[in-house]
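Below, each chain spelled out in residue letters.
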Amino acid sequence: GLLREGARRGVLAPQLAAGPVHHAHMLLIFVQSGALEGGAAQCSALRGGAAAGLVSSPAAQHAFRPPGRSAVRLQEWAARPAWESADMPTYDYRNQTFPVILAGMRRCREDRGAIPALLEQLVERDFFSYFPVNLITPCMYFPSGDAGCEMATCEIRAARERDIPPAVIARDREEYNFLIDGWVSKDMPSDFTEYFDLRESASRNTGYNGQRVWRFIHTNLCFQKRLQQEEMGWKRDFNRLVSGMHAVVDCEIIEDIGRNEEGRCEYRRRLRDEPGSILNLYYAYMLTLSAIREVSKGPSFESCAYLGDASIPPLMRALTSDDLLASDSVQSAAASLRAHASSPDFAVWKLRLRTRHLKLIMGCVECNVCKVHGTVLVIGLASTLQVLLGDDGSRDATQPAEERPDPLKLDRVSLGSLVATAAKLSRACATVERFREFDGEDLSQAYFGAPRPHADPS
């Protein structure tokens, strides 16, 4: 009856047109649409079923509010916190690390041959394409409920259970252990977690406005204090990595728009004229490549069967032995990160805390395709830091080696996300180069952003 009513009011038509939808998702779509105007009392028929918890929760009760409450809501939000209107920070740090990243970026630009092709071949394999994501996790950082993008563009179709290799599900169910204060936690297999195949659901320009989520990330999760001090290089490194993650999303959007006038304008606004954006994109790319090479030194690298896919080990060996990954220019980025981590002021727990929050804030993203791809990106970058810095931040903990976790031993989701993230970064760098040529502007602007009159020397 609820579904028929939703169809009659035109609430569920876009979702139904997009393909099979999980029952819980259907209920939440119906609830969040405000289709039941009389309040939660009209859902008494649901209270005895499995959906009772969903409908009786505070979030669901709010979703059932009758019309005419918008004025109250606006009044409640009148006194918003300072971050809602704060200036967005930039991450154009011109310190000793700047020439290191620049040299690595030039090396990556010169060698665009084998690495991108190998990464693309790997992400076509099941091991690196299926990821479990819970799409109905709540937003715990600010009041949500704003209108998201149109479901036709933002919705992503979950993989059918019969299409998911049983070995993927079996391994993910076995690898559920994690450190409470580790770098990141994944969505565990459950009734509310679905698998998504990135080969079937590419990231694209959905039209969703995620500025509020990005504003929270840049003003609350990125470091803001003491950034000019030399010993705070580890803070600047984290900010660069988040900036590189943002640049990946921007590149995926403009690539979907295409090389036309709109694409040119968006390229300039999002990347070329955003200080540090392109340089930080290459920085993140170099770190992920270094992490992949580091993983190959672990004891489990050669023994990994990759779910029985015999085509993967030769590709991984070719990738990790490529000259680009071993080059000093690329490895210098990871060396700089580790050098900054040796500072007496370095607090690895602050990095781990922020990567965990980066994962959790994906619950505030109201575009499902963006949420899935964002989740993979966050886990991939967190895995990068775990491999390069270790769980304690230095890889040389005082406790006996047999008693501490091996940072090179990643579970299937973490290793898959690491390689998938490297592939995303590789594509993003290629997008930058294509748009740089299309735009025809000076290289210095394309790499460093629009020049500023008083660039911060740190």
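K.L.:
Help me understand the packing of helix H14 (residues 277-295) against helix H20 (residues 412-439) in this model?
P.N.:
Helices that pack against each other are described as a pair by the angle of their axes relative to one another and the distance between those axes. In contact at an axis separation of 9 Å, H14 and H20 are set at 145° when each is read in the N-to-C sense. For the element pair H14 and H20, the recorded crossing hand is left-handed. Between H14 and H20, the contacting residues are Ile278, Leu281, Tyr282, Ala284, Tyr285, Thr288, Ala291, Ile292 and Val295 on the first element and Leu415, Leu418, Val419, Thr421, Ala422, Leu425, Ser426, Ala428, Cys429, Val432 and Glu433 on the second. When the residues that make up the contact of H14 with H20 are grouped by side-chain class, the tally is 16 nonpolar, three polar and one charged.

K.L.:
Sorry if this is basic, but what is going on with the confidence of the model for the protein here?
P.N.:
Low pLDDT means the predicted coordinates in that region are not meant to be read closely. Here the protein averages 81 in pLDDT, while 74% of its residues score no lower than 70. Per-residue pLDDT, averaged within each element of the protein, yields its smallest value for helix H4 (residues 52-56) (38) and its largest for helix H12 (residues 233-257) (97). Confidence over residues 1-71 falls short of pLDDT 50; this stretch has 73 contacts with residues more than four positions distant or in other chains. Note on residues 448-458: pLDDT under 50 across the span, and 29 contacts to partners over four residues away in sequence or across chains.

K.L.:
Please clarify how the state of the cysteines should be interpreted in this entry.
P.N.:
Working definition: the covalent bond between the sulfur atoms of two cysteines is a disulfide. Using the criterion set out here, one finds two disulfides in the structure. The disulfide bridge from Cys139 ends at Cys364, spanning 2.0 Å between sulfur atoms. Disulfide Cys139-Cys364: the torsion about the S-S bond is 80°, which places it as right-handed. Of the two residues, Cys139 sits in the loop between strand S1 (130-134) and helix H9 (151-154) while Cys364 sits in the loop between helix H18 (348-360) and helix H19 (368-389), which places them 225 residues apart along the sequence.

K.L.:
I would appreciate a short explanation of the side chain of Asp92 in the present structure.
P.N.:
Among the structural elements, Asp92 can be located in the loop between helix H6 (70-76) and helix H7 (97-110). What makes Asp92 buried here is its relative accessible area of 4%. Reaching out from Asp92, the side chain makes a polar contact with the side chain of Arg94 at a distance of 2.8 Å.

K.L.:
Help me out: how do you make sense of the packing of aromatic side chains in this one?
P.N.:
Both the distance between ring centres and the angle between the ring planes are used here to describe each pair of aromatic rings. Counted according to the given criterion, the structure contains 13 aromatic pairs. An angle of 45° between the planes, with centres 5.7 Å apart, marks the rings of Trp83 and Phe142 as tilted. One end of the pair, Trp83, is in the loop between H6 and H7; the other, Phe142, is in the loop between S1 and H9, with 59 residues separating them in the sequence. The class of Phe142 is buried, set by a relative accessible area of 10%. Through a chain of ring-to-ring contacts, three or more aromatic side chains come together here, namely Trp83, Tyr141, Phe142 and Phe216. The residue whose ring lies beneath Arg240 is Tyr283, and the NZ or CZ to ring-centre distance is 6.0 Å. The ring of Phe438 has Arg264 sitting right over it, with the charged end atom 4.3 Å from the ring centre.

K.L.:
Honestly, the pattern of salt bridges in this entry has me stumped. Any pointers?
P.N.:
Two side chains that carry opposite charge are able to pair once their charged atoms sit near each other. Inspection of the entire model under this criterion finds 30 salt bridges. A salt bridge links Asp197 to Arg199, with the shortest nitrogen-to-oxygen separation between them at 2.9 Å. Counted as one network, the salt bridges with shared partners bring together Glu261, Arg264, Arg268, Arg272, Asp273 and Asp439.

K.L.:
I would appreciate a short explanation of helix H13 (residues 261-272) in the present structure.
P.N.:
For an α-helix the count is 3.6 residues per turn, leaving residues at separations of three or four pointing the same way. Those residues of H13 lying buried are Gly263, Arg264, Glu266, Tyr267, Leu271 and Arg272. Down the axis of H13, the buried side of the element spans an arc of 165°, and every buried residue falls inside it.

K.L.:
Help me understand the pairing of S1, please; the structure alone is not making it clear to me.
P.N.:
The side chains of a regular strand alternate between the sheet's two faces. Counted residue by residue, S1 has five buried out of five residues, so it is predominantly covered. Going residue by residue along S1, you find Tyr130, Pro132 and Asn134 tucked away on one face and Phe131 and Val133 tucked away on the opposite face as well. Here S1 pairs with strand S2 (residues 193-197) via five bridges, running antiparallel. In the strand pairing of S2, Pro132 is matched with Tyr195.

K.L.:
Quick question: what am I supposed to make of the environment of Trp234 here?
P.N.:
Mapped onto the fold, Trp234 is located in helix H12. Residue classification places Trp234 among the buried residues on the basis of a relative accessible area of 3%. Filtering out sequence-adjacent residues up to four positions away, Trp234 remains in contact with Phe223, His340, Asp345, Phe346, Ala347, Lys350 and Leu351.

K.L.:
Looking at this model, I keep getting lost on the pairing of S2. Mind explaining?
P.N.:
Most of S2 sits inside the fold, with five of its five residues counted as buried. The alternating pattern of S2 places Thr193, Tyr195 and Asp197 and Glu194 and Phe196 on opposite faces, both of which are buried.

About the cut-offs
Residues numbered from 1 in each chain as written. Predicted model: local features only at pLDDT ≥ 70, side-chain atom pairs only at ≥ 80, totals over all residues. Heavy atoms only, no water. Axes fitted to C-alpha atoms, helices over the stretch in contact; angles between N-to-C directions. Helix = DSSP H or I, 4+ residues; strand = E, 2+ residues; numbered from the N terminus. Left-handed = near helix turned anticlockwise from the far one by under 90°. Contact = heavy atoms within 4.5 Å. Nonpolar A, V, L, I, M, F, W, Y, C, P; charged D, E, K, R; others polar. pLDDT = per-residue confidence, 0-100. Disulfide = S-S within 2.5 Å. Buried < 20%, exposed > 50% of the residue type's maximum accessible area, 1.4 Å probe, protein only. Polar contact = N/O pair within 3.5 Å; in protein donor to acceptor, adjacent residues only side chain to side chain. Phe/Tyr/Trp six-rings, centres within 6.5 Å; stacked < 30°, edge-to-face > 60°. Lys NZ or Arg CZ within 6 Å of the ring centre and 35° of its normal. Salt bridge = Lys/Arg side-chain N within 4 Å of Asp/Glu carboxyl O. Arc of directions from axis to C-beta. Pairing = 2+ DSSP bridges.

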